[in-house]
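Listed below, chain by chain, are the residues.
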Amino acid sequence: MYHYNDFDRAFLNERNAQFRAQVERRVAGNLTEDEFKPLRLMNGLYLQLHAYMLRVAIPYGTLSGAQMRRLGDVAAKYDKGYGHFTTRQNIQYNWPTLSDVPDILDSLGEVGLHAIQTSGNTIRNVTADHFAGAAKDEIEDPRPVAELLRQWSTDHPEFQFLPRKFKIAITGSPNDRAVTKAHDIGLRMVRNEAGEPGFEVIVGGGLGRTPMVGKVLRAFLPKADLLPYCEAVVSVWNTLGRRDNKYKARIKITVHENGIEKISELVEERFNTLRPQFSGVDQELLADIEAHFQPPVWEASDTGVFDAAYATDPVFRSWVDTNITDHKRDDHAIVSVSLKAHGDTPGDATTEQMHLLADIARDHAYDELRISHEQNVILPHVKKSDLPAIFEQLKTAGLGTANIGLASDIIACPGMDYCALATARSIPVAQQIANRVQELGVEHDIGALKIKISGCINACGHHHVGHIGILGLDRAGVENYQITLGGDGTETAAVGERAGPGFAYDAIVPAIERLVLGYLDLRTDPSETFLATYRRLGAAPFKALLYPEDAKHAA
Amino acid sequence: MSRRPFTPKVITANHLISGDVIYWSADSCWVSAHADAALFTEQDAADAQFAIANAQQQIAVGVMLADAVMGDNGPEPVHFREEFRATGPSNYFHGKQAEIASAGA
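This one's a predicted model, so the numbers in the text were calculated from it and none came from an experiment. (Residues numbered from 1 in each chain as written. Chains lettered and ligands numbered in written order. Predicted model: local features only at pLDDT ≥ 70, side-chain atom pairs only at ≥ 80, totals over all residues. Heavy atoms only, no water.)

1. Details of helix 11 (residues 314-323) of chain A
All of the buried residues along helix 11 of chain A are Phe316, Trp319, Val320, Thr322 and Asn323 of chain A. Along its buried surface, helix 11 of chain A packs onto helix 10 (304-312), strand 11 (324-326), strand 12 (332-337), helix 13 (387-396) and helix 15 (443-446) of chain A. (Buried < 20%, exposed > 50% of the residue type's maximum accessible area, 1.4 Å probe, protein only. Helix = DSSP H or I, 4+ residues; strand = E, 2+ residues; numbered from the N terminus. Contact = heavy atoms within 4.5 Å.)

Structure, rendered in structure tokens:
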């Protein structure tokens, strides 16, 4: 993985020193809040409902053991002993004080982590497939390109005052685990007819109040053209994007209002200007970065221990069946560690859990970890023979839940328990649904199901692309929850359709229960997933499950 | 144009350093508990105190008026958002609810 050079370290130290001085000036009264707010936001510091919140970037979701250990240290020393992993592969600390934040940033800087551009109208943390570098279906590891994009976009002078925030996601696999079609720019690695790797460039996707599936701007972009092309896209939008109305400022609206053809024309024109200005230094940089991402020296291993445990231990077998994904090497595996223990807060990890994960990474996983947009932790490279021992260790820290991709593996934003923008709570709804499916004991029977919950229309909880999406709203001073059905965040992306009137706080969990239990009767056989059943039958039978009274009247 | 009838309000903000939710008291200072806040039943008094509170940029951030009603132990929030601000999150026993518990212990 990428290791900071002297330039990176000097840049980060300087930024942190600047922010320390800005905090001092604010506290001394030499800066007003209006003056200070954009400065703190540039460094990831929000003021939320109960306290400040510091959002730390985990670039393309990749962490070393030492970095994870430090995240845990920061949680213990400066927060309440936990952190919250988000749908943008960041970590948020919910309780720092303003006076501690400069020390926190220095501490993070020591292990090459920062909070720069995790807020504000800038290019945000570049997100990537959380299985990058390990996935069997991958064309190439997309992270060198993601790191190149991080370096290019960090403090880019042209892009510090964009019309609105700008998010880039990248995947090296045909199976899209990075929700690329719901980003301002989505990059999907593909091969051309000559077999060379390049990118399908998708633009104008996004969730929020106007959800849109991104459109293909370029079917094949040679890898070497990526930086000038991305610069052209952002540059065109920076000029054309609307600044009169923040709800119409994102590039999805620019694409929608101008049409993809017009945007394509302008981007190609700008690209032709920019392309010659990139003298090749970006490619030299990329070559250097690629050297950082060489795969580890694989330790070959016999799978006998694994095979025996799998055959004899049903608890281990269940965990393997749900939480393990094929690795590009047959004697290795990708482990998804669930941060969704039933009844716990989705995405939260305690200091002890972070430290244990750091230890496991160091001892058994080539010192690598990933954070997924689904708010789980990934050990991307694990020898199969180590899996039984790792599972035992994970269980001791409440990290052995076997529910990846199932009904209780719920994405939930912080909602009104923390967020100043929220209109309703998300976390307790997620907790109750997870507890309920466990009580019913139907989770493994239901199978693949993505439930995603947002506590406001901004859709940090990705509800639009949940097979079942839940949106919490404030209806006349009372929490109310709308359900959307049939959303999909993968390569077959779709925005979910609203099922009907919303449900009160105490009625939403029973509604979800009717939906998932009813699905069991609707599917043709256990292999037909919730989403496939929805696509086959349409919304009507699912609406009947949600609104049985209406169904009676209609009968 | 007729103004909407004034409903009783408290003045609230977040503390600059700690980020804690704070309320403006009848003694014209910041306090931690919603029940200790001054409840303004008239627009003019609310506006006048708001101006004083809002000038305290060194202490308070995001000064605003929030609807409240008088309860048995002092003002109580009306909207659920203000209830959460006055107590803390529902997933952990953190924030004000913990402060109140430890102060009472």
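2. Notes on the pairing of strand 2 (residues 52-57) of chain A
All names here are of chain A. Among the 6 residues that make up strand 2, 6 are buried, leaving the element largely enclosed by the rest of the structure. Here strand 2 shows no split at all, with Tyr52, Leu54 and Val56 on one side and Met53, Arg55 and Ala57 on the other all buried. Note that strand 1 (residues 45-47) and strand 2 share 3 bridges and pair antiparallel. Counterpart to Leu45 in the pairing with strand 2 is Leu54. Where strand 1 folds back on strand 2, the antiparallel hairpin that results is connected by 4 residues. Note: strand 2 against strand 5 (residues 90-93), 4 bridges, orientation antiparallel. (Pairing = 2+ DSSP bridges.)

3. As for the domain arrangement of chain A
All names here are of chain A. Each domain of chain A was delimited in the assignment, giving domain 1 (6-109), domain 2 (142-291), domain 3 (304-396) and domain 4 (411-554). Contacts between domain 2 and domain 4 engage 12 residues on the former and 12 residues on the latter. For the pair domain 2 and domain 4, the interface holds 0 salt bridges. Across the contact surface, domain 2 and domain 4 share 3 residue pairs in polar contact (both at pLDDT 80 or more). Of the residues contributing to the side of domain 2 that touches domain 4, the split by class is 6 nonpolar, 2 polar and 4 charged. (Domains from an automatic or database assignment. Salt bridge = Lys/Arg side-chain N within 4 Å of Asp/Glu carboxyl O. Polar contact = N/O pair within 3.5 Å; in protein donor to acceptor, adjacent residues only side chain to side chain. Nonpolar A, V, L, I, M, F, W, Y, C, P; charged D, E, K, R; others polar.)

4. A closer look at the nonpolar core
All names here are of chain A. Met68, Leu71, Phe85, Trp319, Leu379 and Leu387 are the most contacted members of the largest nonpolar core, which has 58 residues in total. If you tally residues by element for this core, the top one is helix 12 (residues 351-364), at 6 residues. Looking at this core, you find at least three residues from each of domain 1 (6-109) and domain 3 (304-396). For Met68, the residues in contact, after removing those within four places along its chain, are Leu63, Phe85, Met354, Leu357, Ala358, Leu369, Ile371 and Val377. (Core = buried A, V, L, I, M, F, W, Y, C linked by side-chain atoms within 4.5 Å.)

5. Focus on the sheet that holds strand 10 (residues 215-222) of chain A
Residues and elements named next belong to chain A. The mixed open sheet is built from 5 strands, whose spatial order is 6-7-8-9-10. Of all the strands in the sheet, just strand 6 (127-128) and strand 10 have a single pairing partner and so form its edges. Sheet topology note: the strand 9 (residues 197-203)/strand 10 ladder contains 5 bridges and is antiparallel. Bridge pairing links Val203 to Lys215 in strand 10.

6. Quick look at empty space enclosed by the protein
Residues and elements named next belong to chain A. All chains considered together, the criterion is met by 7 cavities of 30 Å³ or more. Residue lining of the largest cavity: 13 residues in total, with His114, Ile116, Arg124, Asn125 and Arg150 positioned closest to the centre. The class makeup of the residues in the lining of the largest cavity is 5 nonpolar, 6 polar and 2 charged. (1 Å grid on protein atoms, 1.4 Å probe; cavity = no way out; pocket = protein on both sides within 12 Å on 5 of 7 lines; lining within 4 Å. Points joined across faces, edges and corners; volume = space filled by probe spheres on them.)

7. Overview of the interface of chain B and chain A
The partner chain A presents 35 residues to the 23 residues of chain B that form the contact. Together chain B and chain A conceal approximately 2,300 Å² of surface at their shared face, both sides included; 57% is due to carbon and sulfur atoms. For the pair chain B and chain A, the number of links is 0 salt bridges. Considering each element in turn, the side of chain B that touches chain A owes the most residues, 4 residues, to helix 2 (residues 80-87) of chain B. Of the residues assigned to the side of chain B that touches chain A, the class counts are 8 nonpolar, 12 polar and 3 charged. (Buried area = accessible area lost by both parts, 1.4 Å probe.)

8. Remarks on the pattern of salt bridges
Residue and element names in this part refer to chain A. The full count for this structure, using the stated rule, is 41 salt bridges over all chains. When the shortest N-O distance is used, the salt bridge between Glu257 and Arg242 registers 2.9 Å. Separated by 15 residues along the polypeptide, Glu257 in helix 7 (residues 251-258) and Arg242 in the loop between helix 6 (226-240) and helix 7 bring together distant segments of the chain. Between Lys340 and Asp409 there is a salt bridge, and its shortest N-O distance comes to 2.7 Å. With a gap of 69 residues between them, Lys340 in the loop between strand 12 and strand 13 (348-350) and Asp409 in the loop between helix 13 and strand 16 (411-412) connect regions that are remote in the sequence. The same class applies to Lys340 as to Asp409, namely buried. The network of salt bridges with common partners includes Arg69, Asp359, Arg362 and Asp363.

9. Examining the layout of surface pockets
Residue and element names in this part refer to chain A. For the second largest pocket, the calculated volume is near 650 Å³. Along the wall of the second largest pocket there are 32 residues; nearest its centre are Arg177, Glu374, Gly405, Lys450 and Thr490. For the lining of the second largest pocket, the element with the highest residue contribution is helix 11, accounting for 3 residues. Of the residues in the lining of the second largest pocket, the class split is 9 nonpolar, 15 polar and 8 charged.

10. Describing the pairing of strand 7 (residues 168-171) of chain A
Residue and element names in this part refer to chain A. Burial along strand 7 is two-sided: Ile168 and Ile170 and Ala169 and Thr171, pointing in opposite directions, are all buried. Where strand 6 meets strand 7, 2 bridges bridge the pair, whose relative direction is parallel. What sits directly across from Ala128, in strand 7, is Ile170. Once you follow strand 6 into helix 5 (residues 143-153) and on to strand 7, the crossover reads as left-handed. (Right-handed = clockwise from strand over helix to strand, strands pointing away.)

11. Structural notes on the state of the cysteines
The full count for this structure, using the stated rule, is 0 disulfides over all chains. The thiol sulfur of Cys460 of chain A is not disulfide-bonded, and the nearest other cysteine sulfur, from Cys413 of chain A, lies at 6.2 Å. (Disulfide = S-S within 2.5 Å.)

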